[in-house]
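Below, each chain spelled out in residue letters.
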Amino acid sequence: MDTNGRLVAGSHNRNEFVLINADEIGRVTSVKELSGQICQICGDEVEFTVDGEPFVACNECAFPVCRPCYEYERREGNQSCPQCKTRFKRIKGSPRVDGDEDEEEFDDLDNEFDYDNSNNKGHTRQISEGAYYSRHNNIGRTSSGITNSSEVDPAAVNSEIPLLTYGQEEDDAISADKHALIVPPFNGRGKRVHPMPFTDSSMTLPPRPMDPKKDLAVYGYGTVAWKERMEEWKRKQNEKLQVVRHQGDKGGDELDDPDLPKMDEGRQPLSRKLPIPSSKINPYRMVILLRMAILGLFFHYRILHPVNDAYGLWLTSIICEIWFAASWILDQFPKWSPIERETYLDRLSLRYEKEGKPSELAPVDVYVSTVDPLKEPPLITANTVLSILAVDYPIDKVNCYVSDDGAAMLTFEAMSETSEFARKWVPFCKKFAIEPRAPEWYFAQNVDYLKDKVEPTFVRERRAMKREYEEFKVRINALVAMAQKVPEDGWTMQDGTLWPGNNVRDHPGMIQVFLGQNGVRDIEGNELPRLIYVSREKRPGFDHHKKAGAMNSLIRVSAVISNAPYLLNVDCDHYINNSKALREAMCFMMDPQAGKKICYVQFPQRFDGIDRHDRYSNRNVVFFDINMKGLDGIQGPIYVGTGCVFRRQALYGFDAPKKVKPPGKTCNCLPKWCCCCFGSKRKGKKGKSKKEDKKTTKVKEASTQIHALENIEEGIDNEKSSLMPQVEFEKKFGQSPVFIASTLLEQGGVPPGATSASLLKEAIHVISCGYEDKTEWGKEVGWIYGSVTEDILTGFKMHCHGWRSVYCIPKRPAFKGSAPINLSDRLHQVLRWALGSVEILLSRHCPIWYGYGCGLKPLERFSYINSVVYPLTSLPLITYCTLPAVCLLTGKFIVPELSNYASLVFMGMFISIAATSILEMQWGGVAIDDLWRNEQFWVIGGVSSHFFALLQGLLKVLAGVNTNFTVTSKAADDGAFSELYLFKWTSLLIPPMTLLVMNVIGVVVGISDAINNGYESWGPLFGRLFFALWVIVHLYPFLKGFMGKQSGLPTIIIVWSILLASIFSLLWVRINPFVSRGGVVLEVCGLDCN
């Protein structure tokens, strides 16, 4: 079936498969899966021991080294592992060397240094010495006509000591044992090369006797030429060991040298942890413990000293304060051991990008999700896609998938224009290494673009590219203007075909490959990354699960088409600001030691277009620079929905790899009857071991089933496939043999033998609306359903499977996005987050009771519990913000008259809170104004968005009323901060405005009452005024928004706020007026009766 590069649309359930006008679709190159373990010194395979296990030289890092290289390194080398530098331990059967620890089991003091005691040892010595000298002579004496080992007849070489003839006939006057140099013996394993383990030239070897009648030059010693050759050889070795070539101009002849040593830099870890300095973290921990103690004293005083004349107010405040304390504990202790991380991009290139050879970096599939092009402008989406296509990563390793969940023809046409402009933009970015690689923000930055640019053509090409981009913007804006008015018959494509997505709720699945196919190259003739447009099928009566469902469709489509082992997902407004972002993530994912248990690498969110004061706390730096660093020190940060690189296997619901612990040592020296008192413990252990054995048996069976499915071939039934539990995998992954086969390829790649036509047909099948029925998609596989904040739930499930995540903060921000441009949109965004947390709280996946006995660490659970219970704080917060007005209007207070002890406790409480914040700012690198804005918006969002989210969540769970969240508007190019102060009507604005009016009225009434009653009433008034002013100051950004550029305040907000405040004031007047009603009014008599 030949598609001729057309747009593919269809429905698996309706048996439809339609081809629509588009470009040619590229073929998918299969990826071979590598297997086997290779010695990293000589290049031979690592042999197996007698027990059938691979030979392991280093027990610390398991660096692949064969047995002969291990023996040689111990005897003649530096006796340590090339990777972790740990000294090699003696393995049974190996001769002792100086420095070995005494071991009674292996000690043989008479022959401990006798290497020629057995034929096996002598053979090992010959191999090692011969390999070293062969390498030495091939490098140092290539011009002397030395015969290579491959040219020597093995029959003519003495089996004990091979001879070196210098290309001449062997001299009979010199016996075999008089020769100074040897060449390696021959064996059935092929050529062996043992490079120098270090560059120290002081290494000594056992001397060999030489004929004194012969000139030393015959043996290669004592001549000036020999000395020069040795110095040249040392210099080359030092260069090869120390110089890292990433963009060298020379060819790959040197790097093809088989004698190239394993560079020390390439053996090092690709990243490392940077703990917070003890001078910062130790005082921070001490203050936390001190604050805990002060908190205990505070509640001891508050509970034991009630306010009898205002018992209701006192009890309400105590309940609120206890909840605040519990919330603080949940938030504080996950920050106990924060860390930072550092990556080494040069080591990554050295390990996986050898000059002159294809790159070994892992492929990455990038997901861009969009829904409504009118709320998410296509120009922003286009810039995000362009920054992905121009990323600093091998072109054939990048695949960009754009998910259009709104099936909008505007998005499709915008991607078509973007693919055409990318042919010019991508080579320009890579030629001049510009940053950022999103054209809108590159041309908008106010910097000297000539700095560090030495290319004389740069200015000319930059101006031409800017003109091209302006024309591109005009075309995109024209598409947007045309899309404002939809034709009556719907949109029509260029070939006259109706657009399949005219009905947003009822349309087939659509796939279009714009870039990456054969024949489509950039203007310089180079290949381009693959760009694929995807719109999943939608039909009435199906639950499509919003963004989580769209992401799961992308997982399946990408697995069928490209199947990269790693995934990056970004929102349509989050462009790649650092072109090396993928390399930063690969420093963690592809690390041979630490990377195997990492499920995802999360980057912080940074934003453009925010006002200088960040009035609505859009940057959220307290969370990203303090909380997330703390989580990284436990089990890793939570997933925040964008800017995250995943391991595909982790998204499939597989458990993290577990370390096999060595069996514990047992003592058999005592008889069984001596341990009778411990019989109950042993029985308990036996019972546990039986349960664990059952679990491990199930895991082994599951893994056996997984490996068995590797033999599935489409349309072929053989004995193995008939024995496989394919039904089980269909229940988990769905009825797609191609997709199931792709899940078994841990290193990615498309199953061999697959054609583009069959892959496209299968891709349409896996995005059909009924594909997930009766499967584990959204339950255990992929993005998890059940909450509008699928990100928290998905990350939580991965951590429960034993995976850990990593938080990466590059010096240049990896991603940047657009923030909500007015208060209403900002509150709706916070409402959506809080609503998702409430849904998780009321679901079976709640971290309070889900996931025990798995791989989730306790402090990590604390963090997840805090992330789902924080909307509940809205109830005590609203109550606590109302108390100041009540106290001012009634003349009562929540605290009795303070004693000296109580004053010290309150002062200690405030000082400990301030000290904790100051120390967090110090080690987190957060400014004080950012911390204060975060505190203010916590109050604003808590009394509005969090409260409404709690109500909507309860309605959804208890009454089944579904609520649709509002997609936050993304900033278009309408001028800087043009809509910052624009208000849109929303009920979320009523609660904070009401609290503000109430506290202002309370302050006025309190001051008026103090003026009327004299100076004696001012003392008690200060505590109440401070309480009310605390609320007003926290709501100040909300109040300041009313006094911005937009002078018109929505009338309905004023009406509701005044109405509620008036009702409350009238109730106060009825309950506690200034003038007492009824009874005799007593006045002081002015006469002196005495």
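The structure this text deals with has already been given above.
Here the structure is a predicted model, which is why all the values come from computation and not from measurement. Per chain, the residues get numbers from 1 upward, laid out in the order the sequence is written. Where totals are concerned, whole chains, interfaces and linings use all residues; where local detail is concerned, this predicted model gives features only for residues with pLDDT of at least 70, and gives and counts side-chain atom pairs only at 80 or more. Side-chain metrics in this entry use all non-hydrogen atoms of the structure; hydrogen atoms and water are not considered.

Colleague: Please set out the overall build of the protein residue by residue, giving values where relevant.
Modeller: In DSSP terms, a helix is any run of H or I states spanning at least four residues, a strand is any run of E spanning at least two, and both are numbered starting from the N terminus. A count of helical and extended segments in the protein gives 31 helices and 15 strands. Exposed residues in this analysis have more than 50% of their type's maximum accessible area, buried residues have under 20%, and partly exposed residues fall in between, with area computed by a 1.4 Å probe over protein chains only. Looking at the protein as a whole, 50% of its 1090 residues are labelled buried. In this analysis, two residues are considered to be in contact whenever any of their non-hydrogen atoms come within 4.5 Å of each other. If you take every contact in the protein between residues at least 6 apart in sequence, the share linking residues at least 24 apart comes to 77%. All accessible-area figures derive from a Shrake-Rupley calculation using a 1.4 Å probe, and residue coverage is judged against the displayed protein chains alone. Taken as a whole, the protein presents about 54,800 Å² of accessible surface, with 55% of it coming from carbon and sulfur.

Colleague: Break down the packing of aromatic side chains for me, citing the residues and quoting the values.
Modeller: Within 6.5 Å between ring centres, the rings of Phe, Tyr and Trp (the latter by its six-membered ring) count as paired, and their orientation is classed by plane angle as stacked under 30 degrees, edge-to-face over 60, tilted in between. Enumeration over the complete set of coordinates arrives at 46 aromatic pairs. Each residue in the set Phe421, Trp425, Phe428, Phe432, Tyr442, Phe443, Phe458, Tyr469 and Phe472 is aromatic and connected to the rest through ring pairs, giving one cluster. Here the basic side chain of Arg347 rests over the ring of Tyr344, its NZ or CZ set 4.0 Å away from the ring centre. A ring has a charge above it when a Lys NZ or an Arg CZ is no more than 6 Å from the ring centre and no more than 35 degrees off the ring normal. Arg861 extends its terminal NZ or CZ atom over the ring of Tyr852, reaching a point 3.7 Å from the ring centre.

Colleague: Can you lay out helix 21 (residues 790–800) for me, pointing to particular residues and giving the numbers?
Modeller: By the criterion of burial, helix 21 is predominantly enclosed, with 11 of the 11 residues buried. Those residues of helix 21 not exposed but buried are Glu790, Asp791, Ile792, Leu793, Thr794, Gly795, Phe796, Lys797, Met798, His799 and Cys800. Residue Gly802 follows helix 21 closely and has a positive phi angle near 95°.

Colleague: Outline the sheet that holds strand 15 (residues 815–818), supporting the account with residue identities and numerical values.
Modeller: Here, strands pair whenever DSSP counts at least two bridges between them. Read from one edge of the open sheet, three strands run 10-15-12, paired in mixed fashion. Each end of this open sheet is capped by a strand with a single partner; those strands are strand 10 (575–576) and strand 12 (606–608). Of the pairings in the sheet, the one linking strand 10 to strand 15 comprises two bridges and is antiparallel in character. Each bridged residue has a counterpart across the sheet, and for Ile576 the counterpart in strand 15 is Phe815.

Colleague: Break down the pattern of salt bridges for me, with residues and values.
Modeller: Only one rule defines a salt bridge in this text: a Lys or Arg side-chain nitrogen within 4 Å of an Asp or Glu carboxyl oxygen. Under the definition given, this model contains 31 salt bridges. Salt-bridge contacts for Lys473 lead to Glu440; the nearest nitrogen and oxygen are separated by 3.5 Å. A residue pair is termed long-range when its members are at least 10 positions apart, and Lys473 in helix 11 (residues 458–482) and Glu440 in helix 10 (residues 439–444) qualify at 33 residues. The residues Lys473 and Glu440 share a single accessibility class, namely buried. For the salt bridge of Asp625 with Arg606, the shortest nitrogen-to-oxygen distance reads 2.9 Å.

Colleague: For the pairing of strand 11 (residues 598–602), give the residues involved together with the corresponding values.
Modeller: Of all five residues making up strand 11, five are buried, and the element is well covered by its neighbours. Here four bridges tie strand 11 to strand 14 (residues 804–807), and the two strands are oriented parallel to one another. Along strand 14, the bridge assignment pairs Tyr600 with Ser805.

Colleague: So what's going on with empty space enclosed by the protein? Which residues, and what values?
Modeller: Empty space among the atoms becomes visible once a probe the size of a water molecule is rolled across them. The pocket and cavity definitions rest on a 1 Å grid over protein atoms only: a 1.4 Å probe that fits but cannot leave marks a cavity, an open set with protein on both sides within 12 Å along at least five of seven lines marks a pocket, and residues lining either have an atom within 4 Å of a point. Grid points are joined across faces, edges and corners, and a volume is the space filled by probe spheres set on the points. For the coordinates displayed, the defined rule picks out six cavities of 30 Å³ or more. Around the second largest cavity, the lining residues are Ala650, Leu651, Gly653, Glu780, Gly782, Ile784, Thr794, Lys797, Met798 and His801. The set of elements that each furnish at least two residues to the lining of the second largest cavity consists of helix 15 (648–651) and helix 21. Considering each element in turn, the lining of the second largest cavity owes the most residues, three residues, to helix 21. Amino acid classes used here: Ala, Val, Leu, Ile, Met, Phe, Trp, Tyr, Cys and Pro are nonpolar; Asp, Glu, Lys and Arg are charged; the rest, including Gly, are polar. By residue class, the composition of the lining of the second largest cavity is four nonpolar, four polar and two charged.

Colleague: If you had to explain the state of the cysteines to someone new, which residues and values would you point to?
Modeller: What counts as a disulfide here is a pair of cysteine sulfur atoms lying within 2.5 Å. For the coordinates displayed, the defined rule picks out zero disulfides. Among the cysteines around Cys69, which has no disulfide bond, Cys66 carries the closest sulfur, lying 3.3 Å off. Judged by relative accessible area, which is 1%, Cys69 ranks as buried. With no disulfide partner, Cys881 has as its closest neighbouring cysteine sulfur the one in Cys320, 9.4 Å distant. Accessibility expressed as a relative area gives 0% for Cys881, which makes it buried.

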